[in-house]
Amino acid sequence: MKYIFVTGGVVSSLGKGLAAAALGTLLELRGLRIVFQKFDPYLNVDPGTMNPFEHGEVYVLNDGAETDLDLGHYERFTNCILSRHHNMTSGKVYESVILKERRGDYLGKTVQVIPHVTDEIKRRIREVSDEGKADVIITEIGGTTGDIEGLPFLEAIRQFILEAGPQNVVNMHVTLVPYIRAAGELKTKPTQQSVAKLREIGLQPQVLMCRTEFPLDLETRQKLSMFCNVSPRAVIEARDVQNTIYEVPLMLQAEGVDELVCELLNLQTPAPDLTNWRKFVDRIISPKKQVKIAVVGKYIDLQDAYKSIYESLTHAAASQDCGIDLKLIDAERLQDGVDGQLKDVAGVLIPGGFGERGVEGKIKAARFAREQKLPFLGLCLGMQVATIEFARNVCGLERANSTEFDQNAEDPVICLLNEQREIRNKGASMRLGTWPTKISQGTLAEKIYGSSEVLERHRHRYEFNMKYRERMGEKGFLVSGTSPDGALAELIELRDHPYFLACQYHPEFQSKPNKPHPLFKGFIQACLAHQS
Ligand code: GLN
């Protein structure tokens, strides 16, 4: 088993997750089996209870783990399928150490960061390597070198390298090489200091991935190599990509990072075949046409809050040789009417979300899409608002609502799942992870999926209230997919509309560059048809 540890230096938001994912792409295309692990030094047990404004999207895995959005990059950039073992926070580590202490596992001992916390971290790295599903584990450590809370992870890695043997490990440090305009120079000092900090802890990086706006000249490369004690070849230029994040693997391959890593780990592999990847990137960079799509949400100011949705749209559009012109609309701004804001778009997408803010605006957007026969894709909360809209405006149930927003709603068309009623703790208590959906024959959904049963990932508490199924069905609101026992509505569509589909689950967690998700692909096709 070989290990790559990815640390970050100087500042956060350097795209460590992307760098790790892109390296994974290259190694996988060299024929290696890759798996990822992400350590997040914060004290939350998982990011499930964090506000997207704080943390970006919560990415959900097959087994229902609520994880950091970097796991989304990992799954999209490679074929790996991750589980709760692949994302770990300080909160989770301390939780298990304290549980063990209470159980008496350390009886008689003083429980300390070293060795007890570091042992727990190492145990979790071994747990993933013992699964035996990979040749290489790429482990990313969140945060920035020098953070107090990250120290136990770095110390654990230092110990781990001693145990696994340095020939089996590569440390890759992602760092910033800033350009100082007034001096007209790239500066290496922040990187030198960050590496010095790592070495203080006992970690020497073998690869320096340098984030930079400008090319690294020879002199800068030599300086970085000399002061940071890495070979000149291992100073990798990671420039800001021009068009799309999917260029990163191509750029890193041109810098030879995959070859270098394989050499360092003594892995004999052929050069990666990037033909398909390159074609995909070309389709994104020079599309033959454009399509304008509105995303009506609550967190549109934050690029990361709907990450997987934007990526899924990109994958689907690329498959149709088309570029996406995204119109991001704050749902609160539609509260008093859509006012021409949706006039120029070819489709409307309403993402998931929690809480009441912006809901009335989303309902207005859904109404506009229904009435104007605009293609519509609703995801999770997006399905729930489409349901409320239809109940109110077509079925005449004026006071229809979700009990999430009005506990005493006269017509609770969306309400709590029975098993959710008793739950008091908020953490990891939703309906989570992959569940099967049975699709009804002759529906649009069946045509789009080309299948009568699908597996999709969930993250929600509330559900369509089946008591309204018949009444709404008569007016053209069809529940076209349900849980296998028929009890839970998973997919809805409108009879008299070219493409009005919404699902209770999150298809955006399963779309890949060369394998767009059917619901997104169908949506883009419908948008193209609408605009022509
Ligand atoms: N708030 C809704 C629920 O809990 C929708 C959740 C979501 O969109 N992820 O059911």
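Since the structure is predicted, the reported quantities are computational estimates derived from the model, not experimental observations. (Residues numbered from 1 in each chain as written. Predicted model: local features only at pLDDT ≥ 70, side-chain atom pairs only at ≥ 80, totals over all residues. Heavy atoms only, no water.)

Caption draft 1: Quick look at the side chain of Thr-118. Relative to the helices and strands, Thr-118 resides in helix H5 (residues 113-130). Thr-118 sits in the buried class, given a relative accessible area of 0%. Ignoring any residue separated from it by four or fewer positions in sequence, one finds Thr-118 in contact with Val-113, Pro-152, Glu-155, Ala-156 and Gln-159. (Helix = DSSP H or I, 4+ residues; strand = E, 2+ residues; numbered from the N terminus. Buried < 20%, exposed > 50% of the residue type's maximum accessible area, 1.4 Å probe, protein only. Contact = heavy atoms within 4.5 Å.)

Caption draft 2: Focus on helix H7 (residues 189-201). End to end, H7 covers 19 Å across 13 residues, agreeing with the expected 18 Å (1.5 Å per residue, within 8%). Turning to H7, the residues buried within the fold contact strand S1 (2-8), helix H6 (151-164), strand S7 (169-176), strand S10 (207-212) and helix H8 (218-228). Within two residues after H7, Gly-202 carries a phi angle of roughly 105 degrees, on the positive side. (Expected span 1.5 Å × (residues − 1).)

Caption draft 3: Structural detail: the environment of Asn-87. Turning to its location among the elements, Asn-87 is positioned in strand S5 (residues 87-89). A C-alpha to C-alpha distance of 23 Å links Asn-87 and Leu-162, two positions 75 residues apart in sequence. When neighbours within four sequence positions are excluded, Asn-87 is seen to be in contact with Lys-38, Asp-40, Thr-67, Asp-68, Leu-71 and Lys-92. A polar contact of 3.3 Å, which involves the side chain of Asn-87, links it to the side chain of Asp-40. In terms of polar contacts, Asn-87 uses its side chain to reach the backbone amide nitrogen of Asp-68, at 3.0 Å. (Polar contact = N/O pair within 3.5 Å; in protein donor to acceptor, adjacent residues only side chain to side chain.)

Caption draft 4: Representation of empty space enclosed by the protein in the model. Considering all chains together, one arrives at 1 cavity of 30 Å³ or more under this definition. In this structure, the largest cavity spans a volume of roughly 70 Å³. Taken together, 13 residues make up the lining of the largest cavity; nearest its centre are Ile-141, Gly-142, Thr-144, Thr-145 and Leu-154. When residues of the lining of the largest cavity are traced back to their parent elements, those giving at least two are S1 and H6. The residue makeup of the lining of the largest cavity, split by class, is 4 nonpolar, 8 polar and 1 charged. (1 Å grid on protein atoms, 1.4 Å probe; cavity = no way out; pocket = protein on both sides within 12 Å on 5 of 7 lines; lining within 4 Å. Points joined across faces, edges and corners; volume = space filled by probe spheres on them. Nonpolar A, V, L, I, M, F, W, Y, C, P; charged D, E, K, R; others polar.)

Caption draft 5: View of the site of the ligand. The environment of the ligand is formed by Gly-352, Gly-353, Phe-354, Cys-380, Leu-381, Gln-384, Glu-404, Arg-459, His-460, Arg-461, Tyr-462 and His-506. The contact in question runs from a nitrogen atom of the ligand to an N or O atom on the side chain of Glu-404, over 2.8 Å. Within the side chain of His-506, one N or O atom sits 3.3 Å away from a nitrogen atom of the ligand. Protein coverage of the free-state accessible area of the ligand, which is 290 Å², stands at 99%. (Near = heavy atom within 4 Å. Areas by Shrake-Rupley, 256 points an atom, 1.4 Å probe, with all protein chains shown as cover.)

Caption draft 6: View of the packing of aromatic side chains. Within the structure shown, the criterion is met by 18 aromatic pairs. Where Phe-5 meets Phe-160, the ring centres are 6.0 Å apart and the plane angle is 80 degrees; that geometry is what we call edge-to-face. Of this pair, Phe-5 sits in strand S1 while Phe-160 sits in helix H6, and the two are 155 residues apart along the sequence. Here a set of aromatic residues connected by ring pairs shows up, and it is made of Phe-77, Tyr-246, Trp-277 and Phe-280. (Phe/Tyr/Trp six-rings, centres within 6.5 Å; stacked < 30°, edge-to-face > 60°.)

Caption draft 7: Structural view of unusual backbone geometry. A cis amide bond links Ile-114 with the next residue in sequence, Pro-115, at an omega value of 10 degrees. As for its placement among the helices and strands, Pro-115 is situated in helix H5. Phi at Val-10 takes a positive value of approximately 75 degrees, unusual for a residue other than glycine. Looking at the secondary structure, you find Val-10 in the loop between S1 and helix H1 (16-29). Relative accessible area serves as the criterion here: at 32%, Val-10 is assigned to the partly exposed category. With phi around 55 degrees, Lys-373 is a residue other than glycine that occupies positive phi space. For Lys-373, a relative accessible area of 40% gives the class partly exposed.

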